[in-house]
Amino acid sequence: MHQHWTCGAFSNLDDPVLQVADVRFRWPGRTSFSLSVPKFEVQKAESVLLLGESGSGKSTLLSLICGTVIPDNGVVRVAGTDLAALPGGQRDRFRAEQIGVIFQQFNLLPFGTVQDNILLPLRFARARQQRAGEPKRAAMELCAALGLPKDLIHAKANTLSVGQQQRVAVARAMIGQPPLIVADEPTSALDADSQAAFLDLLFQQSAAHHASLLMVSHDPRLADRFDRVVHLADIAQIDRVA
Ligand code: ADP
Ligand code: MG
């Protein structure tokens, strides 16, 4: 029996992990851009590549999905929960529980160790922490699975190579098995070989935990590897004033 920790609500196992419905959004104070998404869903264990040109609103949509911004209209449900219905603090915790995020520049804490960075999302997410078991051991195991040398666990993030940083970013997103992994153009700074290696790690780790993967990119060459490719322009109405 799977019961989600939040609000005592049950969510059906067959429900999509992500549901976006009738969403409209405009950045406060900005009239030159607006995004509407009538319907977009990601199923459990599905991998989806979301393509769109620069400035089309991909990162904005990810912010809506992560609940860092709230739509002016419509609803975003993650694991069955309406993010806007949660008060701010609970929303932050819910995000930490349910979503593993990989940012474009990886956003590691530069002076934190590899271990600090990997354990960071567990700090506000008790259920995720429990799923991780013994957190420090879980971090070690992820490092091993991702080919990070053991002795790097106490190295400061700012001493790592880009390839090592990307592995830490994957480990941080994966620890404690969040059901949804969201990645915002994580390969854009990498050469073709490192891109392929990065995607290998990402797919291998998400498959191991039946996590859903939503990756955003402007690069259609990545398409082959995903279950489904979605063009933002096909699911959204984007109004842009130059
Ligand atoms: P993409 O990720 O596809 O390049 P973005 O979602 O970053 O596109 O940007 C879409 C539009 O939203 C752009 O006009 C951008 O300037 C604007 N935008 C993005 N983030 C913010 C923000 N935090 N505040 C105000 N406007 C923003
Ligand atoms: Mg972006």
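Refer to the structure presented above.
Given the structure is predicted, the values throughout are model-derived calculations rather than measurements.

Conventions used here
Residues numbered from 1 in each chain as written. Chains lettered and ligands numbered in written order. Predicted model: local features only at pLDDT ≥ 70, side-chain atom pairs only at ≥ 80, totals over all residues. Heavy atoms only, no water. Buried < 20%, exposed > 50% of the residue type's maximum accessible area, 1.4 Å probe, protein only. Helix = DSSP H or I, 4+ residues; strand = E, 2+ residues; numbered from the N terminus. Arc of directions from axis to C-beta. Contact = heavy atoms within 4.5 Å. Near = heavy atom within 4 Å. Polar contact = N/O pair within 3.5 Å; in protein donor to acceptor, adjacent residues only side chain to side chain. Areas by Shrake-Rupley, 256 points an atom, 1.4 Å probe, with all protein chains shown as cover. Salt bridge = Lys/Arg side-chain N within 4 Å of Asp/Glu carboxyl O. Phe/Tyr/Trp six-rings, centres within 6.5 Å; stacked < 30°, edge-to-face > 60°. Pairing = 2+ DSSP bridges. Axes fitted to C-alpha atoms, helices over the stretch in contact; angles between N-to-C directions.

S.K.: Account for helix α5 (residues 135-145), naming residues and giving values.
M.R.: Burial in α5 covers these residues: P135, A138, A139, L142 and C143. Along the long axis of α5, the arc covered by the buried residues comes to 140°, so they all point the same way. In α5, the exposed residues that point more than 90 degrees away from the buried face are R137 and A144. Buried residues along α5 sit in contact with α3 (114-119), α4 (126-131), α6 (162-174) and α7 (192-208).

S.K.: Tell me about the environment of L64, and name the residues and values.
M.R.: Here L64 lies in helix α1 (residues 58-66). Overall, L64 belongs to the buried group, its relative accessible area being 1%. Along the backbone, L64 and V75 are 11 residues apart, and their C-alpha atoms lie at a distance of 9.5 Å. If we skip the residues at most four places from it in the chain, L64 touches V23, F25, L35, V69, I70, P71, V76 and L83.

S.K.: Mind laying out α1, listing which residues take part and the relevant values?
M.R.: Within α1, 8 of the 9 residues are buried, which leaves the element mostly enclosed by the surrounding structure. Restricting attention to buried positions, one finds in α1 the residues K58, T60, L61, L62, S63, L64, I65 and C66. Positioned one or two residues after α1, G67 has a phi angle of 75°, which is positive.

S.K.: Explain the site of ligand 1 to me, using residue names and the numbers behind them.
M.R.: In the region of ligand 1, the neighbouring residues are W27, R30, F33, E53, S54, G55, S56, G57, K58, S59 and T60. A distance of 3.2 Å separates a nitrogen atom of ligand 1 from a polar atom in the side chain of W27. One of the side-chain N or O atoms of R30 is found 2.7 Å from an oxygen atom in ligand 1. Protein contact buries 65% of the 560 Å² of open area that ligand 1 shows by itself.

S.K.: Describe the pattern of salt bridges, listing the residues and the values that go with them.
M.R.: Applying the stated rule across the entire model yields 7 salt bridges. A salt bridge links R240 to E53, with the nearest nitrogen and oxygen atoms 3.0 Å apart. One end of the pair, R240, is in strand β10 (residues 237-240); the other, E53, is in the loop between β3 (47-51) and α1, and 187 residues separate them in sequence. The class for R240 is partly exposed, based on a relative accessible area of 42%. The class of E53 is exposed, set by a relative accessible area of 55%. The partner of E185 in a salt bridge is K58, and the shortest N-O contact between them spans 3.6 Å.

S.K.: Outline the environment of S54, listing residues and values.
M.R.: With respect to the helices, strands and loops of the structure, S54 is situated in the loop between β3 and α1. With 163 residues separating them along the chain, S54 and S217 place their C-alpha atoms 9.0 Å apart.

S.K.: Give me the lowdown on the packing of aromatic side chains, citing residues and values where you can.
M.R.: The geometry of an aromatic ring pair is captured by the separation of the ring centres together with the interplanar angle, meaning the angle of the planes. Inspection of every chain in the model, using the stated rule, returns 3 aromatic pairs. Aromatic side chains F25 and W27 sit 5.0 Å apart centroid to centroid with 80° between the ring planes, which places their arrangement in the edge-to-face category. Relative accessible area serves as the criterion here: at 4%, F25 is assigned to the buried category. According to the relative accessible area criterion, W27 is partly exposed, its value standing at 29%. For the pair F203 and F226, a centre-to-centre distance of 4.9 Å together with 70° between the ring planes defines the contact as edge-to-face. Here the residue F203 occupies a position in helix α7, and F226 occupies one in the loop between β8 (212-217) and β9 (228-231), the gap between them amounting to 23 residues. Among the residues examined, F203 registers a relative accessible area of 16% and is labelled buried. In this structure F226 comes out as buried when scored by relative accessible area, which is 7%.

S.K.: Break down unusual backbone geometry for me, with residues and values.
M.R.: Phi is positive for A79, close to 50°, though the residue is something other than glycine. Positionally, A79 belongs in the loop between β4 (73-78) and β5 (81-82). We note that Q177 has phi near 50°; this positive angle belongs to a residue other than glycine. With respect to the secondary-structure elements, Q177 resides in the loop between α6 and β7 (180-184).

S.K.: Can you tell me about the sheet that holds β5, naming the residues and giving the values?
M.R.: Strand order in this open sheet of 5 strands is β5-β4-β1-β2-β10, and the pairing throughout is antiparallel. Each edge of the open sheet carries a strand with a single partner, namely β5 and β10. Sitting on the sheet, α1 touches β1 (18-25), β2 (33-42) and β4, and the angle it makes with β2 is about 60°.

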